[in-house]
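# Residue-level structural notes
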Amino acid sequence: MVEGIHSPAQVSDWLGLGRILFLVIHLVGLAFLSYIVYRRLIPLLRGERDIRFDRPLTRVARVFQYWLAQWKHPRYRSAGILHILIFAGFITLAIRSFALVIFGLSDGFAFPGRVGHLYDMATDWAATVVFVCMIVAIIRRLYWKPARYAVPERYGKDHTADAVFLLGLIAMLMLCDIVFAASNAAAHAQQGGAVEPLAALSLPWLLNRALAATPVPALLNVRLGICIVHELTFYFLLCYRPFGIQFHVITSLFNVYFAKLDRGTVKPVRWGEANLDELESFGVKRFEDFTWKHMLDFYSCADCGRCSDNCPANAAGRPLSPRFLSIKARDYSFQHYPVFGRTSARQEALIGSIYSEDEIWSCTTCGACEEECPLLIEYIDKIVDLRRGQVDDGKVPQSIQRPLKALETRGNPYGKLEKKRADWTLDKEFRLSCKVRILDDKRSADTLYFVDSITSYDDRIQAIGRATARILDHIGENFGIMGALEKDSGHDVRRFGEEMLFVELSSHNVQAIKACGASRIVTADPHAYNALKNDYKDVPPVEHIAQVIAREMDDGNISFNPVRNANAVYTYHDPCYLGRHNKLYDDPRRVLDAIPGLRRVEMDRCRDRSFCCGGGGLMLFYEPKEDQRMGVKRVQMAADAGANVIVTACPFCMVNMEDAIKVAGMEGKMTAIDLAELVDEQIVRRVPTDTRDAMAEETVNV
Amino acid sequence: MEILVCVKRVPDTSENEITLNRAGNDIERDDLVYSVNEWDNYAVEEALQIVERLGGNVTVATVGGEDDEEILRREMAMGAKGSALISDEAFEGSDSAGIATLLKAFVQKNRFDLILTGVQAEDGAAQVGGMLAAMLDYPFASLVSSIEVLNEKKLRVTREIEGGNKELNETDLPCVLSIQTGINEPRYVGMRGIRQVASIVIPTLGASELGIDKNSVGKIAAKVQRTDYFVPVLGKGAEMLGGSREKVIDKVIELVKAKGGLK
């Protein structure tokens, strides 16, 4: 330290309080913070168990990706860049903030040598950048007002004031940093000490120039004053954060570390509880039934609105906004577990108080919200848990009670006879071209084609089943189906909260699959694919037909004739359970692009931002309250992209798309086709020798 | 309030393809799945809602065989506390009066403030409720679409009458009511609930337990006997309306008006 220059603590003789004042601020600040954090931890400690301490290396890697490298942020470009700059500044300054806090107390703290010098320069810039970003952010909030921040009337009051107040506090903190650095350097310079140069053109640098002529005592007083203001603001901000949207600054690191690792899965009814029959209650009924991690999610929500901005249910006007699932739960938590005053936890049902039945049944579990959330907040598991609670109380929408009952008695939601499950193979023409074997414990095959209910029974969708079978037959696959032995995969039974029925269906299927002796499974239904891959245990590896086609194409076993409909413009719609939940984006596109002459365009919302068609499984039976069908919006998106054929790879998408085309009055202008159907049409068949190939030939030449 | 709900197991029309057997005297029963008669399910829900408000118990009873236990269990999973399977070889072939006689005997062995039945069974004749009331000499209201308990002795019930109109009635307890669908939204019975009641022993009551003269019920006593089953001859079929959307709409309105659906 330069002779004659004192640390703020030493100069404080004019105040006569010196170190004591700083010490008091620190201690009071830290005491408050500790108390607040303790109070905020109470509900988490009362929450349900959640196993999140496994796989530490994966979790650390994710912290680097999603927290430190802000992976999701650039998905919203301007807001994302702003946030990355602020975050980088914060990280830089966090070290400095603590340094300043310690500097206030002791003289010894500084980074040594060159590193210290570079670091000081970096902080000058960091403070400048964050300060400017805060100003931009305030302007953005007040004047540009991005639509996704708006609070619809039914969800309460606008959040702008709180947001601007917090941004202002941070700006204030930055200003303190800047003035401190400038006055400090000016004082050093005037007393002829070795001056550490400030970063050129940074705000401290500019301010330093302005202060060059200010007398030293004044500079020292400014420096001391600013230190105190900094301290007070710093601790106020730190203690205020756990009261609102700024809580994420503290919780985000933990939220990302403890985030869910396994895609496509649903959390168990209760972590670590194998015997479900023993449980007194299922799912989430009261706030305390949420797991501690889910409560941490509520704390961590930054209110950025990206989830709801991408939520198809929200877009279609259904009474669901993922953002407010979090905000309402956080408000509930703050109200019943206040920092000051008595905890007033009540056995109050969440549905009927903060959530409505329609709200939780509106979700298609498409995963758009989770894909978008920069803080990796989970929604699907919470929705499923809330539904489990409802199912346990017998409160299931009338429209899905019947299909659930039919699934219980008949193994399919339509209540059709089990023995007719393989009837889709009996089509006369199809039987001539392709024989599908029915497997059981006596008749085995290498590959099991898991058909699932909709493809087995729905007149329109059966065509996808036949196309799939013909493709498997074409590539010489030794395959069969389980026929009456197959039951619904239960994928959406589980996601609709009827866990025990899912257990019945899945254990039946697992047994039947094992008995038929196949060494791998193929399906054309992404919901079945996801169930077999991520929900079922101990079954052979499963592939979606798109993967099979892509692989066989690469191996030269599948080649395509020039596209039949050369004037058509195709677009590929990513099914949620193939895309987002299982990251299968490229195989279907590669297959389409391999068809000679096929023109393909992308919709604005594609790949991991795909827009759900309206939901599959039991969602087909649910009668939502909505302004518009999701499917209609999606079909419009395809039209906007200039396409007139929507290719999808999911039977439920097909149902929704074809309905939507009719509802939108776009018949004749837009068609939908399944990837398997298109491939089946375009595939180059082998040399015709018998009826079957003659028929195939005919198909090709149409 | 102690409430008895009389329930019946019927082939579920939404989950079966109902066809006649070869002899033509019954439906093909090999692949049928059964469920509780829809009206009865509404009656059980109504009973449960009443005891949730006022306290008491709901008991469900059915006349039938071993297979019928399934629906008693389902209704217990729904929330009914008591159940009884009224079953005896001598009861087989009972007509509606026979069933009502058996239920009457069961009611007289217990104490119920209120007895509910469905308006009708999917495979029935909508007779048992009224007959039971007459045999017990209880007041009876049919087609009930809402129940309000005024006091321990009195109910106010809404009945559906033709043309979508409703009438209000007051009736003394104990009484018999036949419940119309739509009176409530029956709760869902999940697998979990069914598993929880899977091991409950359901009492079976035969002729001796009920103190019934075997000759007063069953096939011997039945005054009505089913003689045949037949599928009605198909009508002319649907009329397809053609032309532009506007024309089709106009035509539909005209047709609905002609049939009195629009005024």
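Predicted, not measured: the structure shown is a model, and the values here were computed from it. (Residues numbered from 1 in each chain as written. Chains lettered and ligands numbered in written order. Predicted model: local features only at pLDDT ≥ 70, side-chain atom pairs only at ≥ 80, totals over all residues.)

Moving on, we get to the overall build of chain B. From N to C terminus, chain B includes eight helices and eleven strands. Across its three principal axes, chain B shows a C-alpha extent of roughly 70 × 50 × 40 Å. Relative to its full complement of 263 residues, chain B shows a buried share of 40%. (Helix = DSSP H or I, 4+ residues; strand = E, 2+ residues; numbered from the N terminus. Buried ≥ 20, exposed ≤ 12 C-beta atoms within 10 Å, placed from the backbone.)

We now examine the overall build of chain A. Counting its secondary structure elements, chain A contains 29 helices and nine strands. Taken over the C-alpha atoms alone, chain A extends approximately 105 × 55 × 45 Å along its principal axes. Here the analysis covers contacts within chain A between residues at least 6 apart in sequence; of these, 79% occur between residues at least 24 apart. (Contact = placed C-beta atoms within 7 Å.)

Residue and element names in this part refer to chain B. Here strand β6 (residues 114-118) lies mainly inside the structure; five of its five residues are buried. Residues Leu114, Leu116 and Gly118 line one face of β6 and the alternating positions Ile115 and Thr117 line the opposite face, and both faces are buried. When β6 meets strand β10 (residues 175-179), the two strands line up parallel, connected through five bridges. Each bridged residue has a counterpart across the sheet, and for Ile115 the counterpart in β10 is Val176. (Pairing = 2+ DSSP bridges.)

Among the five residues of strand β5 (residues 82-86) of chain B, four are classified as buried, and the element is accordingly described as predominantly covered. This β-α-β element, strand β4 (residues 57-63) of chain B to helix α2 (residues 69-78) of chain B to β5(B), shows right-handed connectivity. (Right-handed = clockwise from strand over helix to strand, strands pointing away.)

With that settled, consider the domain arrangement of chain A. What the domain assignment lists for chain A is domain 1 (8-257), domain 2 (280-392), domain 3 (414-554) and domain 4 (569-701). With centres defined by C-alpha atoms, the gap from domain 1 of chain A to domain 3 of chain A works out at 57 Å. (Domains from an automatic or database assignment.)

At the junction of B:Leu173 and B:Pro174, the peptide bond is cis and its omega measures out at -5 degrees in the coordinates. The topology assignment puts B:Pro174 in the loop between β9 (165-172) and β10. Positive phi outside glycine occurs at A:Arg55, with the angle close to 45 degrees. Inspection of the secondary structure puts A:Arg55 in the loop between α2 (18-46) and α3 (56-68). Phi angles above zero are rare outside glycine, and A:Asp303 is one such case at about 65 degrees. Tracing the sequence through the fold places A:Asp303 in the loop between α10 (292-300) and α11 (306-310).

Okay, the sheet that holds strand β2 (residues 447-449) of chain A next. Residues and elements named next belong to chain A. Pairing is parallel in the open sheet, where five strands are placed in the order β1-β3-β2-β4-β5. In this open sheet, the two edge strands, each paired with only one partner strand, are β1 (437-438) and β5 (542-544). Relative to β5, helix α23 (residues 526-535) is tilted by about 160 degrees, and along the sheet it contacts β4 (520-523) and β5. Helix α24 (residues 545-554) contacts β4 and β5 of the sheet and is inclined by roughly 80 degrees relative to β5. (Axes fitted to C-alpha atoms, helices over the stretch in contact; angles between N-to-C directions.)

Turning our attention to the packing of helix α20 (residues 462-474) of chain A against helix α28 (residues 675-682) of chain A. Residue and element names in this part refer to chain A. Interhelical geometry of α20 versus α28 gives an angle of 50 degrees and a closest axis separation of 8 Å. The orientation of α20 with respect to α28, classified from their angle, is oblique. Here α20 and α28 pass one another in a crossing that is left-handed. Of α28, the residues touching α20 (which contributes Ala463, Ile464, Ala467, Thr468, Arg470 and Ile471) are Ala676, Glu677, Val679 and Asp680. For the contact of α20 with α28, the per-class residue count stands at six nonpolar, one polar and three charged. (Parallel < 35°, antiparallel > 145°, perpendicular 65-115°, else oblique. Left-handed = near helix turned anticlockwise from the far one by under 90°. Nonpolar A, V, L, I, M, F, W, Y, C, P; charged D, E, K, R; others polar.)

On the chain B side, the residues contacting the 23 residues of chain A number 15 residues. It is helix α17 (residues 398-410) of chain A that provides the largest number of residues to the side of chain A that touches chain B, a total of nine residues. Tallied by class, the residues present in the side of chain A that touches chain B amount to eight nonpolar, five polar and ten charged.

Attention shifts here to the sheet that holds strand β6 (residues 569-572) of chain A. Residue and element names in this part refer to chain A. Pairing in this open sheet of four strands is parallel, and the strands run β7-β6-β8-β9 from one edge to the other. Among the strands making up the open sheet, the edge pair consists of β7 (599-601) and β9 (671-674). The average angle at which neighbouring strand axes cross in this sheet is 35 degrees, direction not considered. Where β6 lies against strand β8 (residues 645-648), three bridges are found, and the strand directions are parallel. The residue of β8 that forms the bridge with Thr571 is Ile646.

Right, let's get into the packing of α24(A) against helix α25 (residues 586-593) of chain A. All names here are of chain A. At a minimum axis distance of 8 Å, the contact between α24 and α25 shows a crossing angle of 50 degrees. Classified by the angle their axes make, α24 and α25 are oblique. α24 and α25 meet at a crossing whose hand is left-handed. Here Ala546, Gln547, Ile549, Ala550 and Met553 of α24 lie close against α25, whose contacting residues are Asp587, Pro588, Arg590 and Val591. Within the contact of α24 with α25, the residues separate by chemical class into six nonpolar, one polar and two charged.

Here the focus is the confidence of the model for chain A. The predicted coordinates should not be examined in detail at positions where pLDDT is low. Predicted confidence across chain A gives a mean pLDDT of 89, with 92% of residues reaching 70 or more. Of the regions scoring below 50 in pLDDT, residues 1-5 of chain A engages in ten contacts with residues more than four places distant in sequence or in other chains. (pLDDT = per-residue confidence, 0-100.)

So, about helix α27 (residues 651-663) of chain A. Residues and elements named next belong to chain A. Between its terminal C-alpha atoms α27 stretches 18 Å, which fits the 18 Å expected from 13 residues at 1.5 Å a residue. Counting buried positions over the 13 residues of α27 gives ten, a clear majority of the element. Considered for burial, the residues of α27 that qualify are Pro651, Phe652, Cys653, Met654, Val655, Asn656, Met657, Glu658, Ala660 and Ile661. At its buried positions, α27 is contacted by α19 (453-457), α20, α23, α26 (630-640), β8 and β9. (Expected span 1.5 Å × (residues − 1).)

With that settled, the discussion passes to the nonpolar core. Within the largest apolar cluster, 121 residues are counted, with the highest numbers of intra-cluster contacts made by A:Leu448, A:Tyr449, A:Leu532, A:Ile549 and A:Met657. Examining the composition of this core, we find that seven residues originate from one element, α27(A), more than from any other. Residues contacting A:Leu532, with those up to four places away along its chain left out, are A:Phe450, A:Ser489, A:Ile521, A:Thr523, A:Val539 and A:Val542. In terms of nonpolar packing, the next biggest core, distinct from the first, is built from 77 residues, A:Met500, B:Val63, B:Leu85 and B:Met191 among them. (Core = buried A, V, L, I, M, F, W, Y, C linked by C-beta atoms within 7 Å.)

What follows concerns helix α1 (residues 38-54) of chain B. Residue and element names in this part refer to chain B. For α1, spanning 17 residues, the distance from its first C-alpha to its last is 25 Å, which sits close to the expected 24 Å at 1.5 Å a residue. All of the buried residues in α1 are Trp39, Asp40, Asn41, Tyr42, Ala43, Val44, Glu45, Glu46, Ala47, Leu48 and Ile50. Directly beyond the C-terminal end of α1, a positive phi value near 85 degrees is found at Gly55.

So, on to the confidence of the model for chain B. Mean pLDDT for chain B: 91, with 100% of residues reaching 70 or above. Our summary of model confidence lists the complex with pTM equal to 0.90 and ipTM equal to 0.85.

Moving on, we come to the environment of B:Asp30. Structurally, B:Asp30 can be placed in the loop between β2 (9-11) and β3 (34-36). Separated by 52 residues in the primary sequence, B:Asp30 and B:Gly82 have C-alpha atoms spaced 31 Å apart.

Moving on, we come to the environment of A:Leu219. Residues and elements named next belong to chain A. With respect to the element layout, Leu219 can be found in helix α8 (residues 216-240). Classification of Leu219 as buried rests on a count of 21 C-beta atoms within 10 Å. Once the C-alpha coordinates of Leu219 and Val542 are considered, the two residues, 323 residues apart in sequence, prove to be 72 Å apart. Those residues in contact with Leu219 that lie beyond four places of it in its chain are Ser183, Ala186, Ala187, Leu211 and Thr214.

All names here are of chain A. For Leu23, the position within the fold is in helix α2. By the C-beta count within 10 Å, which is 14 here, Leu23 ends up partly exposed. Leu23 sits 105 residues away from Thr128 along the chain, and the two C-alpha atoms are 28 Å apart.

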